[in-house]
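Next come the chains, spelled out residue by residue.
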Amino acid sequence: MPARRIGVFGGTFDPIHIGHLVAAEEVRVECHLSRVVFVPAGSPPHKQGLNITPPEHRLAMVELALQDNPHLTVSTIDIDRPGPSYTVDMLSLLHEQWGAGTDIYFIMGRDSLADLPNWHEPQRLLQLAYLVCVDRPRYEVDMARLDAAIPGITERLVFVSIPGIAFSSSDIQRRVRAGRPIKYQTPEAVEAYIYAQNLYSPERDEAVER
């Protein structure tokens, strides 16, 4: 019996935006996945010391963004566990949940792929999941260097082209702080949540830093 295929899309999602959703849907269809599971990070190790929106707000925004697509779901497995949110630990836990009959396809951008040798236990990552790299503007990957640093990666790597949407979460944060519109850059329900909760405003940032 063929293994079922599930995509896993990890990230801070601060906030989730249209680019995330387009990438997930494109990968789902291209890689014949039964669904794509978004996993908001609890405590991203590469963002320690930065002003990150509390996980309950980031989770709420992801849930709002996915509510109209039954093929996109969310897991709190990273938020619910203590300590740094290392990808290999999260994928190991998902393997325990889903069993040996599931192949995991972990979705990342070219920027993350280029930095993969610096991740926690990158070789083990290849044992836990196939890697799906989606195009991201302005980033190139030296595959020869990457294969030398992480032997066998090319056999576990799939590239998927997606429509050219150059939004980023940090861009949306900056636009909110500057009073500029974010309509159509993130789902309408997420936009409404950002303003209702006063996320990314200078006043909220100042209050968090105190």
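Up top you'll find the structure we're talking about.
Everything numeric in this text was worked out from a predicted model, so none of it was measured. (Residues numbered from 1 in each chain as written. Predicted model: local features only at pLDDT ≥ 70, side-chain atom pairs only at ≥ 80, totals over all residues. Heavy atoms only, no water.)

A separate point is the environment of Cys133. Secondary-structure assignment places Cys133 in strand S5 (residues 130-134). According to the relative accessible area criterion, Cys133 is buried, its value standing at 0%. Expressed as a C-alpha distance, the spacing of Cys133 and Val27, which sit 106 residues apart in the sequence, is 9.2 Å. Residues within four places of Cys133 in sequence aside, it is in contact with Met108, Gly109, Arg110, Leu113, Leu157, Val158, Phe159 and Val160. (Helix = DSSP H or I, 4+ residues; strand = E, 2+ residues; numbered from the N terminus. Buried < 20%, exposed > 50% of the residue type's maximum accessible area, 1.4 Å probe, protein only. Contact = heavy atoms within 4.5 Å.)

For the structure on display, the rule yields 6 salt bridges. Here Asp89 ties to Arg124 by a salt bridge, and the two come within 3.8 Å at their closest N and O atoms. With Asp89 in helix H3 (residues 87-98) and Arg124 in helix H5 (residues 122-128), this pair connects stretches of sequence that are 35 residues apart. Under the relative-accessibility criterion, Asp89 is labelled partly exposed at 26%. Assessed through its relative accessible area of 25%, Arg124 is described here as partly exposed. Salt bridges sharing common partners tie together Asp89, Glu121 and Arg124. (Salt bridge = Lys/Arg side-chain N within 4 Å of Asp/Glu carboxyl O.)

Let's shift gears to the sheet that holds strand S4 (residues 102-109). Read from one edge of the open sheet, 6 strands run S3-S2-S1-S4-S5-S6, paired in parallel fashion. What marks the edges here is a single partner per strand, and that holds for strand S3 (72-74) and strand S6 (157-160). Neighbour to neighbour, the strand axes of the sheet diverge by 30° on average, direction disregarded. Here 4 bridges tie S5 to S6, and the two strands are oriented parallel to one another. Its bridge partner lying in S6, Leu131 is registered against Leu157. Taken strand by strand, helix H1 (residues 18-30) contacts strand S1 (4-11), strand S2 (35-40), S3, S4, S5 and S6, and its axis lies near 145° from that of S2. Helix-sheet contacts for helix H2 (residues 55-66) involve S2 and S3, and the interaxial angle to S3 is about 160°. (Pairing = 2+ DSSP bridges. Axes fitted to C-alpha atoms, helices over the stretch in contact; angles between N-to-C directions.)

The next point concerns the pairing of S5. Most of S5 is tucked away: 4 of the 5 residues are buried. Where S4 meets S5, 5 bridges bridge the pair, whose relative direction is parallel. Along S5, the bridge assignment pairs Phe106 with Leu131.

Closest axis-to-axis distance for the H2/helix H8 (residues 188-196) pair is 8 Å, and the angle between their directions is 155°. In terms of their interaxial angle, H2 and H8 are classed as roughly antiparallel. Our pair here, H2 against H8, has a crossing hand that is right-handed. Here Glu56, His57, Ala60, Met61, Leu64 and Ala65 of H2 lie close against H8, whose contacting residues are Ala189, Val190, Tyr193 and Ile194. Of the residues contributing to the contact of H2 with H8, the split by class is 8 nonpolar, 1 polar and 1 charged. (Parallel < 35°, antiparallel > 145°, perpendicular 65-115°, else oblique. Left-handed = near helix turned anticlockwise from the far one by under 90°. Nonpolar A, V, L, I, M, F, W, Y, C, P; charged D, E, K, R; others polar.)

Taken by themselves, the reported measurements are silent on function.
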